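One letter stands for each residue in the lines below.
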Amino acid sequence: MTLRARATLRYLIVAACLGWLAWLVYGLGPARVAAEVAAAHPGWLALSLVAVAGRFLVWAFKWHRMLLQRGPVRLGHTLAALLAGNFVNLTTPTAKLAGGVVRGILVSRYAGWRSSEGYGWSLADQVTNVLGNLLLYGVLALAAAWELPAETAWRHRLAASGAGALGAVAAALLLRRWSWRLLHTPWARQGLARITPPPLRAPGSLGPEAAWVEPVLGPLLDHGSTWRLAPRDLGLAALSFWCLCLANAAVLKALGSEAPLGLLSALVVLGYFAGTLVGTLGGVGVTEVALIQLYGLAGVPPGRAAAAALLHRAGYYAVILLAGGVALWRQWGTLAGARQRRSSLLGG
């Protein structure tokens, strides 16, 4: 599939999801949903925004601690790169410079590293975030399943999915060093070299090798002790995402509804997973629809569930667009310079 075809498909999916969301709201009654939104308590809504901001502050602190394994870099620079990357992911899903690449370029310029190293640490951050989210979901799902009444139809499915999530995290940690050793076997090195473009190859003992493997995959698979770093990195990733769960709880409180925090948090993680799987425009449309459906499992009435999902996501988008837009605007010269240097190198 060509790049243009993939871009078209992504926008068609976004349009379909937004249409689905509009259909749900229409079925519930737009006036009913609007009345719920208008009645929301502003204080709780403000607290929800604080929790969303906390998501990115904890995330930046977590990534900063990871980056310090490579060398000194300022926390403020880490936060700016993170916000700029999230803005790009939300607004330009088909751009050549995806959010992770933007983050890698910015942090490498701040710290004086190669761009490939910056991207490697961005990739390591993204993967540990996924594992941290799985860890959070596994713990919450098992705890929520334990507290649900035995006659609840989906109780066992919730418990099984939680156990599966924890199993996936354990497998990833156990296979980390093995994966790194596998990449350095002769057949793997030769295979990677064959699929690597010539500009990204380097001389090796067995012939040309993929020069990107060490800087891009090293931060994820080779740096530091797995069992020393994993509790910190995955714990902070889980805490960062739990801030979004708290933001959802605050929005429901603003609307006069409450749900068990553990169960609600597990459902929120599932809702965001659904948006991530689609991978377009920050999960717009998909995440909202998923949250509306999942809130119902926590006993939230449909109209209020729709209002809560829309209010939470509106606040989430607002934080990214405002803070991320400012961060990207302030660092635009750095990105433009990096792109110009790359073009010059390719042209020469």
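No experiment lies behind these values; they were computed from the predicted model shown.

(A) Focus on the nonpolar core. Among the nonpolar cores identified, the biggest contains 94 residues, and Leu158 and Tyr295 are the most heavily contacted of them. Of the residues forming this core, the biggest block, 12 residues, is contributed by helix α14 (residues 302-330). For Leu158, the residues in contact, after removing those within four places along its chain, are Tyr137, Ala141, Ala144, Ala145, Leu148 and Leu263.

(B) How the structure looks around helix α10 (residues 213-221). Along α10, 8 of the 9 residues are buried, which leaves the element largely enclosed by surrounding structure. Looking only at α10, the buried set comprises Val213, Pro215, Val216, Leu217, Gly218, Pro219, Leu220 and Leu221.

(C) Main features of the packing of aromatic side chains. Taken as a whole, this structure holds 5 aromatic pairs when the rule is applied. Each ring, one from Phe241 and one from Tyr272, has its centre 5.4 Å from the other, and the planes form 90 degrees; the classification is edge-to-face. Here the residue Phe241 occupies a position in helix α11 (residues 226-254), and Tyr272 occupies one in helix α12 (residues 261-278), the gap between them amounting to 31 residues. Taking the relative accessible area as the measure of exposure, Phe241 reaches 4% and is therefore buried. Judged by relative accessible area, which is 7%, Tyr272 ranks as buried.

(D) Structural context of the pattern of salt bridges. Per the counting criterion, the structure on display carries 10 salt bridges. Here Lys62 makes a salt bridge to Asp125, at a shortest N to O gap of 2.8 Å. Placement of the pair is Lys62 in helix α3 (residues 42-67) and Asp125 in helix α6 (residues 115-147), with a sequence separation of 63 residues. The buried category is assigned to Lys62, whose relative accessible area is 0%. A residue is classified by how much of its surface remains accessible, and Asp125, at 0% relative accessible area, is buried. Close ionic contact of Glu117 with Arg114 constitutes a salt bridge, the shortest N to O distance being 3.8 Å. On the basis of relative accessible area, Glu117 is assigned to the buried category, the value being 13%. Each member of the salt-bridge network shares a partner with another, and the members are Lys62, Arg103 and Asp125.

(E) Representation of helix α8 (residues 176-183) in the model. Buried within α8 are the following residues: Arg176, Trp180 and Leu183. All buried residues of α8 fall inside an arc of 60 degrees around its axis, so they share one side. Buried residues along α8 sit in contact with α7 (155-174), α9 (186-195), α10 and α11.

(F) Fine view of the packing of helix α4 (residues 75-91) against helix α5 (residues 99-111). At a closest axis distance of 8 Å, the pairing of α4 and α5 adopts a crossing angle of 155 degrees. Overall, the two elements α4 and α5 adopt an arrangement that is roughly antiparallel. The handedness of the crossing between α4 and α5 is right-handed. Contact residues: α4 offers His77, Ala80, Ala81, Leu82, Ala84, Gly85, Val88 and Asn89, while α5 offers Gly99, Gly100, Val102, Arg103, Leu106, Val107 and Tyr110. Grouping the constituent residues of the contact of α4 with α5 by class yields 9 nonpolar, 5 polar and 1 charged.

Each value, and the rule that gives it
- Residues numbered from 1 in each chain as written.
- Predicted model: local features only at pLDDT ≥ 70, side-chain atom pairs only at ≥ 80, totals over all residues.
- Heavy atoms only, no water.
- Core = buried A, V, L, I, M, F, W, Y, C linked by side-chain atoms within 4.5 Å.
- Buried < 20%, exposed > 50% of the residue type's maximum accessible area, 1.4 Å probe, protein only.
- Helix = DSSP H or I, 4+ residues; strand = E, 2+ residues; numbered from the N terminus.
- Contact = heavy atoms within 4.5 Å.
- Phe/Tyr/Trp six-rings, centres within 6.5 Å; stacked < 30°, edge-to-face > 60°.
- Salt bridge = Lys/Arg side-chain N within 4 Å of Asp/Glu carboxyl O.
- Arc of directions from axis to C-beta.
- Axes fitted to C-alpha atoms, helices over the stretch in contact; angles between N-to-C directions.
- Parallel < 35°, antiparallel > 145°, perpendicular 65-115°, else oblique.
- Left-handed = near helix turned anticlockwise from the far one by under 90°.
- Nonpolar A, V, L, I, M, F, W, Y, C, P; charged D, E, K, R; others polar.

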